[in-house]
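Structural characterization, general
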Amino acid sequence: MFTKVYGASRPVYLFFAFLLLLSFVSPSRAVFAEDSAYREDLVKRAKEMRLFEDRYWDVLLHYKRSGSGKKSLITDPRFFLSPSGKKDPGAELDATIRGFFSEENKDEEPPRCRFIARYTWLKEKLGIDETRLPATACTKFNEALASVNPKSAVLIFPAAHLNSPASMFGHTLIRINGDFQSDLLSHAVSYAAITDDSNGFLYAFKGLFGLYKGYYSILPYYEKVKEYNDMERRDIWEYPLNLSEAETRKMLLHIWELKEIYSDYYFFDENCSYELLFLIEAARPSVDMTGPLRDRMRFWVIPPDTIRVVREDGLIEKVKYRPSQAMRVQMIASLMEDEDQKIVLAIVKKAVPPQAVPGMSISNERKARILDLATELLQYKYARRELEKDDYLKQFLAVLNVRSTLGTQANDLQSIPQPSQPEEGHRSGRMVLGTGYTTLGKSLFTEVGWRAAFHDVLDPDAGYIEGGQIDFFSLRGRYYFQENTLRLQSFRIVDIVSLSPRDMFFKPISWKVNTGFDRELFRDGQEHLIYRVNPGGGFAYQNRILGLYYGMVETDLNLSGGLKDDFALGFGASAGIIKKITDSWKIHLSARSIYYEAGDVHQSMKASLTQNFRISTNNSVSLSLWREKTFYEYQSEAMLGWNYYF
Amino acid sequence: MKKTFVVAVLSVLFVFVVSSAFAAPKKSSGSGRAHKNVGCGLGTLLWQNNADDSILSQSLQATTNGTSGNQTFGITTGTSDCDQPSNFAKNDRLNEFVVANMDNLAKDIAKGNGETLATFAELMQIPTEKRAEFYQNLQTNFAKVFSSEHVVLASVVDNAAAVAPKN
């Protein structure tokens with residue numbers, strides 16, 4: 001075990017204290033002249049071989065080009081043996097080689113054990129004679145190696161959960177498989193920001209500007225499965241990497257070096273997904289993923305994008321899907337009659353005792369399924385604190401007791417088609433080129449749009465969650481032919497919509513929030529730029545014929561010098577239907593009415609019909625029509641646009 | 001009247017945007033404590049952030065992947081507060097697995113199949129060809145293995161061992 005963080009009992013501490021004492025009394029060996037000659041010879045040879053410019057040295061130290069030189073992305077000074085190591089690969093190499101001759105411990109281990117990947121690589125490159133180095137057993141590392149026993153590696157992506165589109169940004173992890181047949185017994189490595197901040201503004205600010213420390217962690221995979229699948233209701237995608245055992249071992253050596261080492265965590269770029277790529281590069285330095293991602297002139301890295309990169313580099317061949325608890329509930333329910341589902345609800349609500357199920361005049365298969373679904377639901381409700389522990393335990397055990405009398409049933413969940421893989425969806429950036437006509441000034445216009453990320457409700461669904469939208473930095477500019485003018489049409493900083501359908505078992509709230517600059521019709525009959533904050537909440541439902549339909553109440557705050565009192569604050573409602581007519585054709589019909597009762601008092605009503613036709617993974621065409629009435633002024637508009645996802 | 005309306009609407013806006021959008025993850029939760037030992041029996045689940053209760057904070061959280069506390073290189077969950085099973089006292093990995101997954105294990109045993117059950121059998125070193133028999137024995141004896149809702153590690157493992165097929 002790497003470190004037993006919890007639960008070490010007192011005798012263990014005493015034992016370590018004793019060891020520590022021993023290490024003080026044992027005489028430290030002097031470095032003999034012969035050793036120092038050998039040491040300097042190695043330093044000289046490494047310099048001649050220009051190993052400090054070697055690709056693998058860059059990978060192990062996380063060096064990236066910075067101005068005319070190089071700079072490591074790792075912040076923690078303990079990661080470097082030379083005081084100038086962060087910016088000077090040569091000095092760090094010299095200090096590392098000299099460090100191998102040192103018996104001084106660095107983080108409780110001699111440098112050659114602490115930085116075992118560097119040592120292993122340099123030993124091979126320089127043919128280091130280990131007998132001429134101070135002896136060490138690297139006990140801690142070897143214990144960790146034996147415990148993890150690296151054989152192969154898997155890239156893990158916990159996908160978005162239903163009611164939180166932003167969790168699409170999610171997380172990626174790497175799993176290291178050992179000898180066990182069961183995946184649950186493998187180890188998961190992840191990189192995350194460590195924080196105890198409870199102030200949200202601070203949290204967002206610090207996350208954006210790299211003020212948190214990011215650490216690598218390693219935990220049993222079953223802990224991660226519980227965390228994402230069972231408690232956060234996120235499906236997990238597992239992509240086995242085609243790394244050999246030797247390559248996987250190299251990865252673990254590097255993970256060991258990163259133990260308890262921090263870097264500044266930036267949630268847009270130097271985040272979990274980006275940092276994990278270094279581990280893959282340490283395993284197979286011939287692939288360079290961190291470089292291109294950094295050089296592509298974008299300031300964000302999104303997990304599905306990293307999966308695409310890893311896939312393009314030929315490391316992924318297969319995929320395994322692990323449905324979350326919420327998804328399992330839906331999957332089991334989809335195989336059941338309505339009346340059986342009602343029995344499940346009655347059991348969970350204690351209206352029907354589970355003991356009544358065996359006596360029902362239905363097949364054993366149906367009885368088993370009723371109890372299986374009740375079990376999943378009870379666990380789900382307990383995880384969400386909708387049930388007290390005592391109640392949960394009594395019900396849970398009672399259901400299972402009855403279930404155990406009904407024998408084994410075939411696992412037919414595998415027959416249910418799994419959702420499309422996250423990396424098979426469109427890329428997350430979007431450019432729009434469109435042309436349209438507006439009745440305002442009776443003008444034709446051309447529109448150019450750019451969106452940093454990620455997905456809106458009309459974009460093709462493959463790889464994303466239907467009804468989920470999160471747009472970051474969406475910019476639209478227009479050129480009006482009639483007036484010969486160029487205008488900013490809108491700049492949405494963030495625009496989130498989460499339409500999460502309610503059904504018999506789940507009662508989520510759908511919600512939206514957007515903020516940014518928009519153009520709105522004023523009483524002068526012209527469009528003016530306003531700043532808007534527009535949150536709302538409501539319910540959504542799924543219907544086989546209608547599709548996804550929703551209703552929301554919302555508030556809308558508009559700020560502009562052109563408005564009376566410089567603002568208008570309103571309250572209103574919106575409703576809509578999103579229907580997938582074919583796999584590549586989606587329509588969204590919506591209406592919205594807002595009564596602005598404070599500031600500049602007025603009303604606004606809008607109706608729109610937008611459609612999207614998917615042409616290929618990264619191309620689609622959209623057609624939008626809308627009509628509005630604001631301040632007694634009418635405006636209609638039609639636009640045809642081509643979307644390219646980059 | 002109008003003033004009341006303004007105040008009402010503004011408060012809705014304020015509450016929604018500020019508290020929801022920028023409410024940070026709760027201090028006491030977070031995966032950092034997910035592997036802390038909190039008991040030896042059923043229902044020893046550790047609370048995550050409730051995914052739906054602060055919707056937008058969830059968004060921010062997801063983007064930062066913040067974890068509170070010290071989730072670092074703790075591979076083990078720890079069972080030192082639990083009575084150790086007599087038959088498998090030295091099998092740390094088995095004991096830790098059972099403590100961390102007891103609810104899912106109970107579910108799989110009652111169903112007679114599942115990944116958690118297969119993992120349990122592997123850790124109990126039941127030969128592959130005897131697993132079907134083991135699963136069936138466990139299912140038949142569910143009420144004995146999980147004798148009450150207060151069942152703990154030691155009795156689950158010992159009772160399971162008692163019905164394991166003889167080699």
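What counts and how
Residues numbered from 1 in each chain as written. Chains lettered and ligands numbered in written order. Predicted model: local features only at pLDDT ≥ 70, side-chain atom pairs only at ≥ 80, totals over all residues. Helix = DSSP H or I, 4+ residues; strand = E, 2+ residues; numbered from the N terminus. Contact = placed C-beta atoms within 7 Å. Buried ≥ 20, exposed ≤ 12 C-beta atoms within 10 Å, placed from the backbone. Pairing = 2+ DSSP bridges. Axes fitted to C-alpha atoms, helices over the stretch in contact; angles between N-to-C directions. pLDDT = per-residue confidence, 0-100. Parallel < 35°, antiparallel > 145°, perpendicular 65-115°, else oblique. Nonpolar A, V, L, I, M, F, W, Y, C, P; charged D, E, K, R; others polar. Domains from an automatic or database assignment. Core = buried A, V, L, I, M, F, W, Y, C linked by C-beta atoms within 7 Å.

1. Here's the deal with the overall build of chain B
Along the backbone of chain B there are seven helices and one strand. Going from N to C terminus, chain B has its helices and strands arranged as α-α-β-α-α-α-α-α. Considering only contacts in chain B between residues 6 or more positions apart, those separated by 24 or more positions represent 64%.

2. Focus on the overall build of chain A
Looking only at helices and strands, one finds 17 helices and 21 strands in chain A. Looking at chain A residue by residue over its 646 residues, the buried ones come to 44%. Across chain A, every contact between residues at least 6 apart in sequence was considered, and the portion connecting residues at least 24 apart equals 64%.

3. Looking at the sheet that holds strand β13 (residues 485–498) of chain A
Taken in spatial order, the twelve strands of this closed barrel run β10-β11-β12-β13-β14-β15-β16-β17-β18-β19-β20-β21 (chain A), and their pairing is antiparallel. Ignoring strand direction, the axes of neighbouring strands in this sheet form an average angle of 20°.

4. Considerations on the confidence of the model for chain A
Residues and elements named next belong to chain A. Confidence in the prediction for chain A averages 87 pLDDT; 88% of positions are at 70 or higher. Confidence, read as mean pLDDT per element, is least for helix α1 (residues 10–25) in chain A (45) and greatest for strand β16 (residues 547–559) (97). Scored below 50 in pLDDT, residues 1–31 makes 28 contacts in the model with residues more than four places away or belonging to other chains.

5. A closer look at the packing of helix α6 (residues 116–126) of chain A against helix α10 (residues 245–257) of chain A
Residue and element names in this part refer to chain A. At a minimum axis separation of 7 Å, α6 and α10 run at an interaxial angle of 130°. Viewed along their axes, α6 and α10 adopt a mutual orientation that is oblique. Only K250, L253, H254, W256 and E257 of α10 make contact with α6, whose side of the interface consists of I116, A117 and T120. Considered class by class, the residues forming the contact of α6 with α10 number four nonpolar, two polar and two charged.

6. Side note on the environment of F52 of chain A
Residues and elements named next belong to chain A. Examined against the element boundaries, F52 turns out to sit in the loop between α2 (33–48) and α3 (55–61). When the 20 C-beta atoms within 10 Å are taken as the criterion, F52 is described as buried. Residues F52 and I509, spaced 457 residues apart in sequence, show a C-alpha to C-alpha distance of 56 Å. Ignoring any residue separated from it by four or fewer positions in sequence, one finds F52 in contact with W57, P89, G90 and L93.

7. So, the domain arrangement of chain A
Looking at chain A, the domain boundaries give domain 1 (31–136), domain 2 (147–322), domain 3 (325–415) and domain 4 (425–645). On a C-alpha basis, the centroid separation for the pair domain 1 of chain A and domain 3 of chain A is 59 Å.

8. Examining the pairing of strand β20 (residues 619–630) of chain A
Residues and elements named next belong to chain A. Relative to β20, strand β19 (residues 602–616) runs antiparallel, the two being bridged by twelve bridges. Bridge assignment links A607 to a residue of β20, and that residue is R627. Between the end of β19 and the start of β20, which pair antiparallel, lie two residues. With twelve bridges connecting them, β20 and strand β21 (residues 633–645) associate as antiparallel partners. Paired with L623 across the two strands is L640, which belongs to β21. Hairpin remark: β20 followed by β21, antiparallel, with two residues in the connecting loop; positive phi at F631, about 50°.

9. Quick look at the pairing of β21 of chain A
Relative to β21 of chain A, strand β10 (residues 430–438) of chain A runs antiparallel, the two sharing nine bridges. Bridge pairing links G436 of chain A to M639 of chain A in β21 of chain A.

10. Describing the confidence of the model for chain B
All names here are of chain B. Per-residue confidence for chain B gives a mean pLDDT of 70; residues scoring 70 or more make up 54%. Confidence drops under pLDDT 50 across residues 10–37; counting only partners more than four residues distant or on other chains, this segment forms 71 contacts. Note on residues 48–72: pLDDT is under 50 here. Beyond four places in sequence and across chains, it has 92 contacts.

11. Thoughts on the nonpolar core
Among the nonpolar cores identified, the biggest contains 129 residues, and L279 and A374 of chain A together with V98 of chain B are the most heavily contacted of them. Among all residues touching L279 of chain A, those that are not within four sequence positions of it are I174, V189, M251, H254 and I255 of chain A. Within the second largest apolar cluster, 16 residues are counted, among which are F454, F472, M552 and I578 of chain A.

12. A few points about unusual backbone geometry
All names here are of chain A. Even without being glycine, C138 reaches a positive phi, approximately 45°. Within the fold, C138 resides in the loop between α6 and α7 (139–148). Positive phi, normally seen in glycine, also occurs at N484, with a value near 55°. N484 sits in the exposed class, given 8 other C-beta atoms within 10 Å.

13. Examining the environment of H602 of chain A
Residue and element names in this part refer to chain A. Its location among the elements puts H602 in strand β19. Sequence separation between H602 and D235 is 367 residues; the distance between their C-alpha atoms is 45 Å. If we ignore the near neighbours within four places in the chain, the residues touching H602 are A568, Y596, T630 and F631.

14. Looking at helix α13 (residues 303–312) of chain A
Because each turn of an α-helix spans 3.6 residues, side chains separated by three or four positions end up pointing in the same direction. All names here are of chain A. Burial of α13 is extensive: seven of the ten residues sit out of reach of the surface. Of the residues making up α13, those classed as buried are P303, P304, D305, T306, I307, V309 and V310. At the exit of α13 stands G314, carrying a positive phi of roughly 80°.

15. Observations concerning helix α9 (residues 221–231) of chain A
All names here are of chain A. Taken across its eleven residues, α9 has eleven buried, putting it largely inside the fold. Within α9 the residues assigned to the buried category are Y221, Y222, E223, K224, V225, K226, E227, Y228, N229, D230 and M231. Looking at the residues trailing α9, positive phi occurs at R233, about 50°.

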